[in-house]
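Observations on the model geometry
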Amino acid sequence: MSVLEKLTSAEAIDLENKYGAHNYHPLPVVLSRGEGVYVWDVEGKKYYDFLSAYSAVNQGHCHPKIVGAMMEQAQTLTLTSRAFYNDKLGVYEEYITKYFGFDKVLPMNTGAEAVETALKICRKWAYEKKGIDENQAQIIVCEGNFHGRTTTIISFSNDENARKNFGPYTAGFIKIPYDDIEALEKAITSSPNIAGFLVEPIQGEAGVYTPAADYLAKAKALCEANNVLFIADEVQTGIARTGSILAVCGNCTCEKACEKQSTYVAPDILILGKALSGGAYPVSAVLANDAIMNVIKPGQHGSTFGGNPIAAAVAIAALEVVNDENLSQNARRLGAIFREKIGAFVANSNIATLVRGKGLLNAIVINDTEESDTAWNICMKLAENGLLAKPTHGNIIRFAPPLVMNEEQLLDCISIIITTLKEFEK
Ligand SMILES: Cc1ncc(COP(=O)(O)O)c(C=O)c1O
């Protein structure tokens, strides 16, 4: 079949099933177009996108400014590799480091690569700056974490499906419960070999778990007191998703990370991906100050595509959109409406037990077992009713629309969600 032929949904699904590895379990919806908060399937049905490609499309589908920057750069220079300099990378590096308040950036492509990068930087810093004996460095991580799917990253996951039969695993990680400051204190003081603490400011994939308001600040203080690097994975929570440019900004709504804000918990290493490109292109980044980043020397880390001119142009445009369109403030305002209205429904519902989240990263917990297919069936019904969302971990549905949504659209979506949930009341 030629790729130019127009496929039906059934044909497209058959092709993926036959020729693609079965490493995902998608909802049976075949999308062929997107604009802003909407996507359309191949039969022309229109949906609200309430997943945003796992929070990558924060700026909305096919944002004209981002697509424009990408097209212009694609017609000029696409890839040089880092064997040579290019005239876009330095401009982007200055832009992103000033945007987030760090000395330096290391550009990569995917979120998992950026996490791997941060782990390597942390280990190298531990041996060369902290003075830990070779091969002894330990990094603390949290139970329920999701940082990607490489061999090292799944080594410290506690999702059996992601781990089983992929061993032997990478050593050097200590797992503690999330949002448990005593557990962190115990682990951090347990050995002089602790190099870093890797944490998601909100655990998105695990089901949108928001820690206690002072958890991150206390964790950072413990790291500082013990000369341990505080590494924030903001691949999912970053770029305005939770109502501030970074989740570690706390209650600050300005569009740039700023240390002047009292609620800002400054990471020693910041990991970004996904919406750093508005979902237009794989762009990820690791940011740190010189004292940490300068441990990396030529030949010790890299990627053929990392820092390519298209990525640089796209990321600048994507960050400008966040700023131009006040996306943090919009996420904050609409998120509060979402939780208030869904919360009112949940209070009298026996199918939904809880709504939680921050900004426009939210989840509804469905009243059924982890193993049940109720959340999946609700998502199928939501799709029929014109809204796309996906269960994350059994009975939890994550709701994360593009941040360019307006209030009228959000109210329409809330009405679809409530109407759909009512069909499942027991
Ligand atoms: C917190 C976090 N870190 C890392 C990743 C991995 O990103 P990628 O899928 O681009 O490798 C994800 C993906 O969902 C994530 O949520």
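Now for a quick tour of the structure. Predicted, not measured: the structure shown is a model, and the values here were computed from it. (Residues numbered from 1 in each chain as written. Predicted model: local features only at pLDDT ≥ 70, side-chain atom pairs only at ≥ 80, totals over all residues. Heavy atoms only, no water.)

Tallying secondary structure elements over the chain gives 14 helices and 15 strands in all. What you see for the chain is a C-alpha radius of gyration of 21 Å, in line with the 22 Å of a compact globule of 426 residues. With respect to the three principal axes, the spread of C-alpha positions in the chain is 60 × 55 × 45 Å. Residue burial in the chain is summarised as follows: out of 426 residues, 53% are buried. Partitioning the contacts of the chain with sequence separation of at least 6, the portion at a separation of at least 24 is 72%. When the accessible area of the chain is evaluated, it comes to approximately 18900 Å², of which 52% is carbon and sulfur surface. (Helix = DSSP H or I, 4+ residues; strand = E, 2+ residues; numbered from the N terminus. Rg over C-alpha atoms; globule rule 2.2 N^0.38 Å. Buried < 20%, exposed > 50% of the residue type's maximum accessible area, 1.4 Å probe, protein only. Contact = heavy atoms within 4.5 Å. Areas by Shrake-Rupley, 256 points an atom, 1.4 Å probe, with all protein chains shown as cover.)

A few words now on the layout of surface pockets. A volume near 410 Å³ is recorded for the second largest pocket. At four residues, the largest contribution of residues to the lining of the second largest pocket is made by strand β4 (residues 104-108). Of the residues that constitute the lining of the second largest pocket, the class distribution is six nonpolar, six polar and four charged. (1 Å grid on protein atoms, 1.4 Å probe; cavity = no way out; pocket = protein on both sides within 12 Å on 5 of 7 lines; lining within 4 Å. Points joined across faces, edges and corners; volume = space filled by probe spheres on them. Nonpolar A, V, L, I, M, F, W, Y, C, P; charged D, E, K, R; others polar.)

Below, the discussion takes up the sheet that holds strand β13 (residues 387-388). Strand order in this open sheet of four strands is β1-β2-β3-β13, and the pairing throughout is mixed. A strand with exactly one partner marks an edge of an open sheet, and here the two such strands are β1 (31-35) and β13. Pairing of β1 with strand β2 (residues 38-41), which is carried by four bridges, proceeds in the antiparallel orientation. Directly across from Glu 35, in β2, lies its bridge partner Tyr 38. On top of the sheet, helix α14 (residues 407-422) reaches β2, β3 (46-49) and β13; it is set at about 100° to β3, its chief contact. (Pairing = 2+ DSSP bridges. Axes fitted to C-alpha atoms, helices over the stretch in contact; angles between N-to-C directions.)

As a further point, take the site of the ligand. By nearness alone, every residue bordering the ligand is listed as Thr 110, Gly 111, Ala 112, Phe 146, His 147, Gly 148, Glu 200, Glu 205, Asp 233, Val 235, Gln 236 and Lys 274. Within the contact set of the ligand, an oxygen atom lies 2.9 Å away from a backbone nitrogen or oxygen of Gly 111. Here Gln 236 contributes a side-chain N or O atom positioned 2.8 Å from an oxygen atom of the ligand. Coverage of the ligand by the protein amounts to 81% of the 390 Å² it exposes when considered alone. (Near = heavy atom within 4 Å. Polar contact = N/O pair within 3.5 Å; in protein donor to acceptor, adjacent residues only side chain to side chain.)

Here we take up helix α9 (residues 215-225). By the burial criterion, the buried members of α9 are Tyr 215, Leu 216, Ala 219, Lys 220, Leu 222 and Cys 223. Take α9 and look down its axis: the buried residues cluster within an arc of 160°, on one side only. Relative to its buried face, α9 has exposed residues pointing more than 90 degrees away, namely Glu 224 and Ala 225. Positive phi shows up at Asn 227, right after α9, with a value of about 55°. (Arc of directions from axis to C-beta.)

Note that Ile 13 resides in helix α1 (residues 9-19). Given a relative accessible area of 28%, Ile 13 falls into the partly exposed group. Not counting the four nearest positions on each side in its chain, Ile 13 is found in contact with Pro 28 and Val 30.

Within the open sheet, the seven strands sit side by side as β4-β10-β9-β8-β7-β5-β6. Their pairing is mixed. In this open sheet, the two strands that pair with only one neighbour each are β4 and β6 (173-176). For this sheet the average axis-to-axis angle between neighbouring strands, irrespective of direction, equals 20°. The pairing of strand β5 (residues 138-142) with β6 spans four bridges and is parallel. Residue pairing for β6: Ile 139 is matched across the bridge by Phe 173.

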